[in-house]
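An overview of the molecular structure
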Amino acid sequence: MPTAETPEQAEVRRSVGGENDSSSRQLARFVRDTAENDATGMRVRVIFRRDRYLRSGDHIPFLQQGFPAARFTEPAENYAHQHQDVRMVDGKQYGDLPEFCDFGFIARVARVNAAALWSLAQAPGTPRGAKIRTAALGNSTELAWERGPEPDLAGYEVVWRETTEPEWTHVIRAGNVTRYAVDLSKDNVFFGIRAFNHSGLRSPVAFCTPQP
């Protein structure tokens, strides 16, 4: 859940069930989708938790200021070689020393970061004002959003998933529009909007919230 959300934002989140759809969660999904490939040689695992137990990462101050942020960390840490003074105890070496670094792994982590940053820089920005029109009841859903300022913007895609799914599972090409009707009930699924450019690069998803 967003660290810096306002009481009004928290009320909307509770009403729609958006606990898994903060901008940071969308960023994490974007990193995984763009950086898990043959060029990086990495499997990116998204952990739906703000941070690890008993410590706090450098991304936390960004979250506290309302910025989307995620932490990159290895899945199985060796606690003898992090946050430790360099010392020898009973024949066991402690401390963060070069001989304990896996430089091949570090290189692949750098590729993951580079792939994510390059994709964010080249793709359109996350759509703003993504809304579900809720003024009337019905078994179809009308979505609306603001047009982005990017000169190479080609259009938008609607993504959706079942409320029990952690990942976006379906994509609908909406075109270069700012309003789109989907033949699905807004009561039954989650919706998001993402932009794409003429090169086919896609933005992070904007989660759709109610608009009366």
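Parameters at a glance
Position numbers for residues count from 1 along each chain, tracking the sequence in the order it is written. The predicted nature of this model means local features are confined to residues of pLDDT at least 70 and side-chain atom pairs, given and counted, to a pLDDT of 80 or more, with totals for whole chains, interfaces and linings taken over all residues. As a rule here, side-chain values cover all heavy atoms of the structure and leave hydrogens and water aside. When DSSP locates at least two bridges between a pair of strands, those strands are taken to pair. Labels follow the DSSP assignment, with helices taken as runs of H or I lasting at least four residues and strands as runs of E lasting at least two, numbered in each case from the N terminus. Buried Ala, Val, Leu, Ile, Met, Phe, Trp, Tyr and Cys residues that are joined via side-chain atoms within 4.5 Å together make up what is termed a nonpolar core. Three exposure classes are used, based on accessible area relative to the maximum for each residue type with a 1.4 Å probe and protein chains only: buried under 20%, partly exposed in between, and exposed over 50%. Contact definition: two residues touch when any of their heavy atoms are within 4.5 Å. Every helix has an expected span of 1.5 Å times one less than the residues it contains. The working definition used for a salt bridge is a side-chain nitrogen of Lys or Arg within 4 Å of a carboxyl oxygen of Asp or Glu. Whenever a helix is involved, its axis is fitted only over the stretch in contact; in every case the axis is a line through C-alpha atoms, and angles between N-to-C directions fall within 0 to 180 degrees.

Here's the deal with the sheet that holds strand β9 (residues 206–207)
- Spatially, β6-β5-β8-β9 is the arrangement adopted by the four strands of the open sheet, whose pairing is antiparallel. In this open sheet, the two strands that pair with only one neighbour each are β6 (170–175) and β9.
- As judged from the two bridges shared by strand β8 (residues 189–197) and β9, these two strands associate in the antiparallel manner. Following the sheet pairing, Ile 193 is matched in β9 by Ala 206.

Regarding the nonpolar core
- One finds Leu 143, Trp 145, Tyr 156, Val 158, Phe 191, Ile 193 and Cys 208 to be the most contacted residues of the largest nonpolar core, which totals 16 residues.
- Put simply, the parts of the chain that give this core at least two residues each are β5 (153–162) and β8.
- Listed in part, the eight residues of the second largest apolar core include Leu 27, Ala 35, Val 44 and Ala 116.

Brief notes about the environment of Pro 124
- Tracing the backbone shows Pro 124 in the loop between α4 (103–122) and β3 (131–133).
- Relative accessible area serves as the criterion here: at 2%, Pro 124 is assigned to the buried category.
- Along the primary structure Pro 124 and Tyr 53 are separated by 71 residues, whereas in three dimensions their C-alpha atoms are 35 Å apart.
- Sequence-distant contacts of Pro 124, defined by excluding residues within four places in its chain, comprise Glu 150, Leu 153, Ala 195, Phe 196, Asn 197, Leu 201 and Ser 203.

What about helix α2 (residues 23–35)?
- With 13 residues, α2 extends 18 Å between its outermost C-alpha atoms, agreeing within 8% with the 18 Å of an ideal straight helix rising 1.5 Å per residue.
- Most of α2 sits out of view: ten of its 13 residues are buried.
- Each element contacted by the buried residues of α2 is listed here: α3 (60–64), α4, β5 and β9.

Thoughts on the pattern of salt bridges
- This model, assessed by the stated rule, comprises 15 salt bridges.
- With a closest N to O distance of 2.8 Å, Glu 142 and Arg 179 form a salt bridge. With a gap of 37 residues between them, Glu 142 in strand β4 (residues 141–144) and Arg 179 in strand β7 (residues 179–182) connect regions that are remote in the sequence.
- Sharing partners across several salt bridges, the network here consists of Asp 21, Arg 29, Arg 32, Asp 33, Arg 161 and Glu 167.

Notes on the pairing of β8
- Counted residue by residue, β8 has nine buried out of nine residues, so it is predominantly covered.
- Burial along β8 is two-sided: Val 189, Phe 191, Ile 193, Ala 195 and Asn 197 facing one way and Phe 190, Gly 192, Arg 194 and Phe 196 facing the other are all buried.
- Sheet analysis places β5 next to β8, joined by nine bridges and oriented antiparallel. Considered in β8, the bridge of Gly 155 is made with Phe 196.

Remarks on the sheet that holds β3
- As summarised here, the arrangement of the four strands in space is β7-β4-β3-β10, forming an open sheet in which the pairing is mixed. Edge strands, defined here as strands with exactly one partner in the open sheet, are β7 and β10 (209–211). Recorded for the sheet is a direction-independent mean angle of 35° between the axes of neighbouring strands.
- Bridge count between β4 and β7: four bridges; the pairing is antiparallel.

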